[in-house]
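Descriptive structure summary
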Amino acid sequence: MQRLDMKQLLSQKLSPQQIQFIKLLQIPTAELEARIKEELEVNPALEEGDDAEDFEEQDREDDDADDDFDDPDAEFDNDDNTLDEDFDRAEEQPELELPQIEESTAEKETSDDLDLGDYLNDDEIAGYKMQGDGPGDADEDREMPLADNGASLIDSLLDQLGFVAVSDKQRIIGTQLIGSIDSDGYIRRDLSAIANDLAFSQNVEVTTEEIETVLRLIQSFDPPGIGARDLQECLLLQLERRPADPDVENAERILAETYEEFTKKHYARIQQRLDLEDEEIRDAIALILKLNPKPGGSGPVGMGKVQYIIPDFILTNDNGQFHLSLNARNAPDLRVSPAYTEMFQAYDKASKKDKKMKEAVTFVKQKLDSAKWFIDAIRQRQQTLLRTMDAIVRYQHDFFAEGDEGRLRPMILKDIAQEIGMDISTVSRVVNSKAVQTEFGIYPLKYFFSEGIATDSGEDASSREVKHILKEIIDGESKGRPLSDDKLEKMLNARGYNIARRTVAKYREQLNIPVARLRKEL
């Protein structure tokens, strides 16, 4: 038996504009350009370009009523309201106002009637140039070229294989082996598994001995050490390329006969077992330490391209006054296509409005809405980025003024969220994958966030400050007798930092510093 029930539910959903803004907010500058190109391809109503001069001429020809029009982009075109902010004193900083996306845009989408008045005004949607990219020439090149590393590691090895006289079967084995090399230059798969791959994928029956023969051939290619199955074999392969001398022979004996002791830096045992003098073991160890443990990531034939960090913000210091600007790539020139506006004008003047005409105008309206939403989302993204970075700069003023890591204050996402009046999740999206260029280098925004450590003075110190001091202590220790975590704890406590030994160990590991035993040198 069918039943008809009535329920009252209260739900909260994100609008399409909010979802689009959230997605744009969390992507860095390097991905923003690709996202804009994607939107330009799928939405014909959105165009890229700067037609400011043409629109100024059109404005002069308009009647006097247009002079009273309130341009929504005036905030960006007014030099007095530039997005470059001075951060000399926090209390003197003007707050950046976040423009709100018009609710009428969403309401108009759900309406069956077409309100042409929203689209017939050229000034509202025709031209849009984002400001906030700092001072500079309008024709300034916005491209930030990336270096091309040339051929990849795989391509280089395949080229070298092509110059070697081998049988067709060996060439197939060699191609399979080269394809199994990791990004750091190692082959970590078992040779029996590679034999199974050849049998199933290429119907080639091979033995592990045949694969071993071809592997030895590939291990003779450049860079030295390529194709090794573990670190020990990688180092030995590189030593085989060196001219024979006593240091090379001693280094090979250390790696071949006392590798376990070498990894644990038990030099006294190595010296006793191999009957080496102090100078001999010192020179041999020094030679081993010069070898490359990751041959796949070295030189112009590395596995991947070198990735450059593209800063999202540029911060300059002008005699104690900070000026913050967005990267030029964060300020694209976007506008709604005038051709689509003319379509609405033609529809408004048409005497006969058939079904096909209405369907076409409905399509154009959807594309115009999408274009306006995207432009609003870009503008709102810029405002949010600047407001967040503004608060970070004011909070960490001493660091940006001196570049001293010890001047960093404890700061968490909640502090910035309260400062700018936004949710923690919004701040997290801004901080994620973003970087700022300063006079002291390029820093990821996450760098400025750290926990607080209690001190004897009663004030909290940044955990990054403690790490900085910990690194200084370790760098200045005697390499013959490195300091243990217990001693490091006592030294930090003596400086006023109330920190436990386990916290010292955690910070040391985060700094990629090994334990005292592995820091010992001859």
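Residues numbered from 1 in each chain as written. Predicted model: local features only at pLDDT ≥ 70, side-chain atom pairs only at ≥ 80, totals over all residues. Heavy atoms only, no water.

1. Let's talk about the overall build of the protein
Along the protein, the regular secondary structure elements total 24 helices and nine strands. Residues counted as buried form 40% of the 522 residues belonging to the protein. Contacts in the protein between residues at least 24 apart in sequence constitute 69% of all its contacts with a sequence separation of at least 6. When the accessible surface of the protein is summed, it comes to about 29,700 Å², and 46% of that surface belongs to carbon and sulfur atoms. (Helix = DSSP H or I, 4+ residues; strand = E, 2+ residues; numbered from the N terminus. Buried < 20%, exposed > 50% of the residue type's maximum accessible area, 1.4 Å probe, protein only. Contact = heavy atoms within 4.5 Å. Areas by Shrake-Rupley, 256 points an atom, 1.4 Å probe, with all protein chains shown as cover.)

2. Concerning the packing of helix α1 (residues 16–26) against helix α17 (residues 355–395)
Where α1 meets α17, the axes come as close as 9 Å, and the angle between the chain directions of the two elements is 50 degrees. In terms of axis orientation, α1 runs oblique to α17. For the pair α1 and α17, the sense of crossing is right-handed. Contacts between α1 and α17 involve P16, Q17, Q20, F21, L24 and L25 on the former and, on the latter, W373, F374, A377, I378, Q380, R381, T384 and L385. For the contact of α1 with α17, the class distribution of residues is nine nonpolar, four polar and one charged. (Axes fitted to C-alpha atoms, helices over the stretch in contact; angles between N-to-C directions. Parallel < 35°, antiparallel > 145°, perpendicular 65-115°, else oblique. Left-handed = near helix turned anticlockwise from the far one by under 90°. Nonpolar A, V, L, I, M, F, W, Y, C, P; charged D, E, K, R; others polar.)

3. Some remarks on unusual backbone geometry
The general pattern is negative phi for most residues beyond glycine and trans for most peptide bonds. For the bond from D222 to P223, the omega torsion is 0 degrees, close enough to zero to count as cis. Relative to the helices and strands, P223 is located in the loop between α10 (208–218) and α11 (231–240). Here K265, not a glycine, exhibits a phi torsion of approximately 60 degrees, which is positive. Accessibility expressed as a relative area gives 23% for K265, which makes it partly exposed. For S433, which is not glycine, the phi torsion reads 65 degrees and is therefore positive. Here S433 shows up in the loop between α20 (424–431) and β6 (435–438).

4. Regarding the environment of L158
Mapped onto the elements of the fold, L158 is located in helix α7 (residues 153–162). C-alpha separation for the pair L158 and T175, spaced 17 residues apart in sequence, amounts to 7.0 Å. Not counting the four nearest positions on each side in its chain, L158 is found in contact with T175 and I178.

5. So, the side chain of E39
One can find E39 in helix α2 (residues 29–42). Apart from residues lying up to four places away in sequence, E39 is in contact with Q20, L46, S370 and F374.

6. Examining the side chain of K434
Looking at the secondary structure, you find K434 in the loop between α20 and β6. Although buried, K434 forms no salt bridge, and the nearest oppositely charged side chain, D312, lies 5.6 Å from it. Within the structure, K434 has its side chain in polar contact with the backbone oxygen of R429 (distance 3.2 Å). In contact with K434, other than residues within four places in its own chain, are L25, Q26, I27, P28, D312, R381, L385, R429, P444 and L445. (Lys, Arg positive; Asp, Glu negative; His and termini not counted. Salt bridge = Lys/Arg side-chain N within 4 Å of Asp/Glu carboxyl O. Polar contact = N/O pair within 3.5 Å; in protein donor to acceptor, adjacent residues only side chain to side chain.)

7. Topic: the pattern of salt bridges
On inspection of all chains with the given rule, the structure shows 21 salt bridges. Its salt-bridge partner being R229, residue E233 comes within 3.1 Å of it at the nearest N-O pair. We classify E233 as buried; its relative accessible area is 14%. Put simply, D390 and R394 hold a salt bridge, and the shortest N to O gap is 2.9 Å.

8. What about the packing of aromatic side chains?
For the coordinates displayed, the defined rule picks out eight aromatic pairs. A centroid spacing of 5.5 Å and a plane angle of 75 degrees characterise the contact between F399 and F400, whose relative ring orientation is edge-to-face. Judged by relative accessible area, F400 falls into the buried class, the value being 3%. Measuring from ring centre to ring centre gives 5.4 Å for F399 and Y443, while their planes differ by 80 degrees; the resulting arrangement is edge-to-face. Residue F399 is located in helix α18 (residues 397–402), and its partner Y443 is located in strand β7 (residues 441–444); the two are separated by 44 residues in the primary sequence. The residues F399 and Y443 share a single accessibility class, namely buried. Positioned above the aromatic ring of Y395 is the side chain of R409, whose terminal nitrogen or guanidinium carbon lies 4.1 Å from the ring centre. (Phe/Tyr/Trp six-rings, centres within 6.5 Å; stacked < 30°, edge-to-face > 60°. Lys NZ or Arg CZ within 6 Å of the ring centre and 35° of its normal.)

9. Concerning the nonpolar core
Core analysis: the biggest nonpolar cluster contains 31 residues, and F313, M389, I392, F400, I416, V436 and F448 have the highest contact counts within it. Listed by contribution, the elements that provide at least two residues to this core are α1, β3 (313–318), β4 (321–326), α17, α18, α19 (413–420) and α20. For this core, the element with the most residues is α17, which contributes seven residues. Excluding residues that lie within four positions of it along the chain, F400 makes contacts with L315, N317, F322, M389, I392, V393, T438, F440 and F448. Within the second largest apolar cluster, 20 residues are counted, among which are L157, L198, V206 and F221. (Core = buried A, V, L, I, M, F, W, Y, C linked by side-chain atoms within 4.5 Å.)

10. Considerations on the confidence of the model for the protein
Here the protein averages 75 in pLDDT, while 74% of its residues score no lower than 70. Contacts for the low-pLDDT stretch residues 61–150, under 50 throughout, to residues beyond four places or in other chains number 159 contacts. A low-confidence stretch, residues 299–304 stays under pLDDT 50, and its non-local contacts, those more than four residues away or across chains, total 20 contacts. (pLDDT = per-residue confidence, 0-100.)

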